[in-house]
Structure formats: C-alpha cells, structure tokens
Amino acid sequence: MLDKLKSRRRTHPNVVVCSRRIQHCGLIPREHRMESTVSPLPTSFLILNGKSAGSELVRTAVNKFRLDGYAIEVRVTWEFGDAERYVAEAVRLGVDTVIAGGGDGTINEIAAALVQLPAEKRPPLGLLPLGTANDFANSCAIPEDTEKALLLAMVGKSAAIDMACVNHQRYFINMATGGFGTRITSETPEKLKSALGGASYFIHGLLRMDQLRADNCEISGPDFHWQGDALVIGIGNGRQAGGGQALCPNALINDGLLQLCVISAEEWLPTLLNSLSNDEDNPHIIAASLPWLDISAPHDVTFNLDGEPLKGKNFHIDIMPAALSCRLPPQCPLLE
Ligand SMILES: Nc1ncnc2c1ncn2[C@@H]1O[C@H](COP(=O)(O)OP(=O)(O)OP(=O)(O)O)[C@@H](O)[C@H]1O
Ligand SMILES: [Mg+2]
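Model, not experiment: these values are computed from the prediction.

**Here we look at the nonpolar core**
Next, step 1: Residues Ile47, Val98, Ile110, Ala111, Leu125 and Leu128 are the most contacted members of the largest nonpolar core, which totals 84 residues.
Next, step 2: In terms of residues, this core owes the most to one element, helix α6 (residues 146-155), which gives seven residues.
Next, step 3: Mapped onto the domain boundaries, this core takes at least three residues apiece from domain 1 (2-156) and domain 2 (170-323).
Next, step 4: Filtering out sequence-adjacent residues up to four positions away, Leu128 remains in contact with Leu46, Ile99, Ala100, Gly101, Ala149, Leu150 and Ala153.

Have a look at this one:
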C-alpha cells in the first residue's frame, strides 16, 4: 500500500530538501522560497484538536511519516477560533493538504475556514478521525487505523465535495440536526464522551427521554412545504449524526443536494424505534432532496451543525456544490 502511494508522489516546491530528509519542522513561506527548493513529497499541515494532543498513536504516525520524508507541520487547538488561524497559516505556507485531526466539530471548523478562502488558495482537506463519534469520517469509510488514515489524508485522491451554508454565515459539512437529536449531542457531557465514545450520544439520549419535547416548525424549499411538530430534523450533506444514527441514509456529498429527514412527533416511540433504519413507508418520516430550504419556528430552536450548536427562529440553508476538495478513499460510499 505504502509503495503504491509513494509511486504516486508529486513534485512540490514547498519544502527544502536537506540530504534525503525534509526539514519538516519549518515549512518555508511562499515568499521566502528559492527556485531550487523542490521536494518529491507532498506537504501537510495537521491541525490537531487539543483533546487529542496527547495521543501516542498520532505522535508515532507523524514521526514515522516524517522519517519517510513527508513534511508534516502540526498545530494544536486550545479553543474555538484556533483552527481558523491555523488554516490561514497553512495557506501562507502553501501546503498541499490541511488535515483535520479531531471529530466532526474540528472538521467543521477547518472546512468552514477553507470554504471562505478564494478557490485558488484553498488546499484540499484531509481527515484524521480523533473525535468521539467521527460521524463524517466513519460514513466516508476513512480507516480507523491512525497511520492508514494519516497516509490517506496526506496523499489520497481528492474529490470535489459540497458543503452547506446556514444563514449565509455558518457552515456544515456533514449534517445539521434539530430537535431531540440536537439536545442529545450538544448536551452529552465530555466525560461520558471520553468514557463511552460514540455510544455516549445514544445512551445520553435514552436517559433524557423523559424530557422529550417536539419543536413546532415550518419547513419549505423548492416544491416542498411541511409544518408540524418535529421530534428530529436531520439535514444531511453526509448521512449520519449523533454517533452512527443514519438519519439521511441516501445522502451523497457531491450531488449538489441536501437530504431532509423529519421525524414528526405523533406516535414518537414506535417511530423512534423504526426510524433509525429510516423506513421510507413510515408516515411519520418526511424525506426530501433539496438544494436549499427554509426553517422557521415560533420559539428558538437549536440546530447542531456537525455537533456545534446554533440557536435561532429562522434558518436558511443552501447547498454549496463542489465547495471543497477532500482526500477520500476510492470507495467512499458518500460519492456518486
Ligand atoms: N484543547 C481543547 N480542549 C477542549 N475542547 C477543544 C480544544 N480545542 C478545541 N476544542 C473544541 O472542541 C470542539 C470540537 O470537538 P470535536 O467535535 O472535534 O470532538 P468530539 O465532539 O469529541 O467528536 P465528535 O463531534 O466526532 O463526536 C469545538 O467546539 C472546539 O472549540
Ligand atoms: Mg463534536
């Protein structure tokens, strides 16, 4: 596998070759590069969520690939906002790939920063899943093994993928969820997440059933209108959220469409039990494929954009076709 990928390496002018090794701890900014500085290896900029900063698996994988000659810069986030600054740094350095090392929220923050750059400056995104649920990476079939995932993130083939924009200012790459599902993911305690991983969202959801409350809302889009009490609203660019719940099982990330799935509140228990397999005949599930949609509610509702909350009464959601390029496995189930 490694040999096959190595044979596909491209020449890139971003790094200085120092004997056979690359000076991986200091990529040279574009303006300071000399004509003769060439490297046969791609350069990567790994933005690691601070929650995974201590991972020995990551350290071992990065060191291994650096010894093989790959140039990998690593930055660690401490709080929201750090990733965007690091993306700006990565662009200044002219790297071949920006790698999101974290969960769905980390991918969201990095993808949102990338999509706001001018297209010609936008490097491809790579994924190193290190979060709790890793819903986007899992549904893209990114390898669980850290070394395999890092190699794919550095040199995998990139594909153009869509993103979604909410109210012209926020973004999601995987899914926006509202209603009951939202409250599960935004309120699941960090301790439960680190102890139980993806299952924590589901378990926390079961514990919270007594507080189940539907959101009354109106949803409209091209040739589509629905109003009612929604228990769960899923708007998918990708397919699953909340730790493996495939709310939008037919979604594709390069079809220029959003998949809407609403589980209405009537007879919620049988619906909930059946719904997670998304039975198309179930009258309590409303599904549609739309390029944009508007959602309005009389009271504040919270939407989770890739697990990060956004509160409001009115949401306008647009698909942004081919907004990013992302290094994905050849058999990624989310590509058409
Ligand atoms: N050093 C840090 N410690 C704690 N939180 C951090 C740190 N750096 C960034 N964050 C925050 O982490 C959140 C993103 O976490 P992320 O979604 O990647 O992990 P997760 O929630 O465990 O995984 P998943 O969403 O896949 O279940 C963002 O809100 C971000 O601001
Ligand atoms: Mg998260």
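There is more to say after this.
**Quick look at the UniProt feature "binding site: Mg(2+)" (unreviewed entry) in the chain**
Next, step 1: Feature annotation in UniProt places "binding site: Mg(2+)" (unreviewed entry) on Leu252, Asp255 and Leu257, given in this structure's numbering.
Next, step 2: Structurally, the position occupied by Leu252 is in the loop between β11 (224-236) and β12 (258-264).
Next, step 3: Since 21 C-beta atoms lie within 10 Å of it, Leu252 is described here as buried.
Next, step 4: Excluding its chain neighbours within four sequence positions, the residues that come into contact with Leu252 are Leu334, Leu335 and Glu336.
Next, step 5: Assessed through the 18 C-beta atoms surrounding it within 10 Å, Asp255 is described here as partly exposed.

**A closer look at the site of ligand 1**
Next, step 1: Around ligand 1 lies a shell of 19 residues, among which Gly50, Gly103, Gly105, Gly131 and Ala133 are the nearest.
Next, step 2: With three residues, the single largest contributor to the shell around ligand 1 is helix α4 (residues 104-115).
Next, step 3: Among the residues forming the shell around ligand 1, the class breakdown is three nonpolar, eleven polar and five charged.
Next, step 4: When we break the shell around ligand 1 down by domain, the ones giving at least three residues each are domain 1 (2-156) and domain 2 (170-323).

**Concerning the packing of helix α3 (residues 82-93) against α4**
Next, step 1: Running from amino to carboxyl end, α3 crosses α4 at an angle of 45°, the nearest separation of the two axes being 9 Å. On the basis of their axis angle, the class for α3 and α4 is oblique. In the packing of α3 onto α4, the handedness of the crossing is right-handed. In this structure, α3 contributes Ala83, Glu84 and Val87 to the contact, and α4 contributes Thr106, Glu109, Ile110, Ala113 and Leu114.

**Details of the domain arrangement of the chain**
Next, step 1: According to the domain assignment, the chain consists of domain 1 (2-156) and domain 2 (170-323).
Next, step 2: In this assembly, twelve residues from domain 1 lie in contact with 21 residues from domain 2.
Next, step 3: Within the residue set of the side of domain 1 that touches domain 2, elements represented by two or more residues are α4 and α5 (135-139).
Next, step 4: For the side of domain 1 that touches domain 2, the element with the highest residue contribution is α4, accounting for seven residues.
Next, step 5: Here the side of domain 1 that touches domain 2 is composed, by residue class, of six nonpolar, four polar and two charged.

What counts and what doesn't
Residues numbered from 1 in each chain as written. Chains lettered and ligands numbered in written order. Predicted model: local features only at pLDDT ≥ 70, side-chain atom pairs only at ≥ 80, totals over all residues. Core = buried A, V, L, I, M, F, W, Y, C linked by C-beta atoms within 7 Å. Buried ≥ 20, exposed ≤ 12 C-beta atoms within 10 Å, placed from the backbone. Helix = DSSP H or I, 4+ residues; strand = E, 2+ residues; numbered from the N terminus. Domains from an automatic or database assignment. Contact = placed C-beta atoms within 7 Å. UniProt positions renumbered as here; feature names shortened; annotations may be inferred. Near = placed C-beta within 6 Å. Nonpolar A, V, L, I, M, F, W, Y, C, P; charged D, E, K, R; others polar. Axes fitted to C-alpha atoms, helices over the stretch in contact; angles between N-to-C directions. Parallel < 35°, antiparallel > 145°, perpendicular 65-115°, else oblique. Left-handed = near helix turned anticlockwise from the far one by under 90°.

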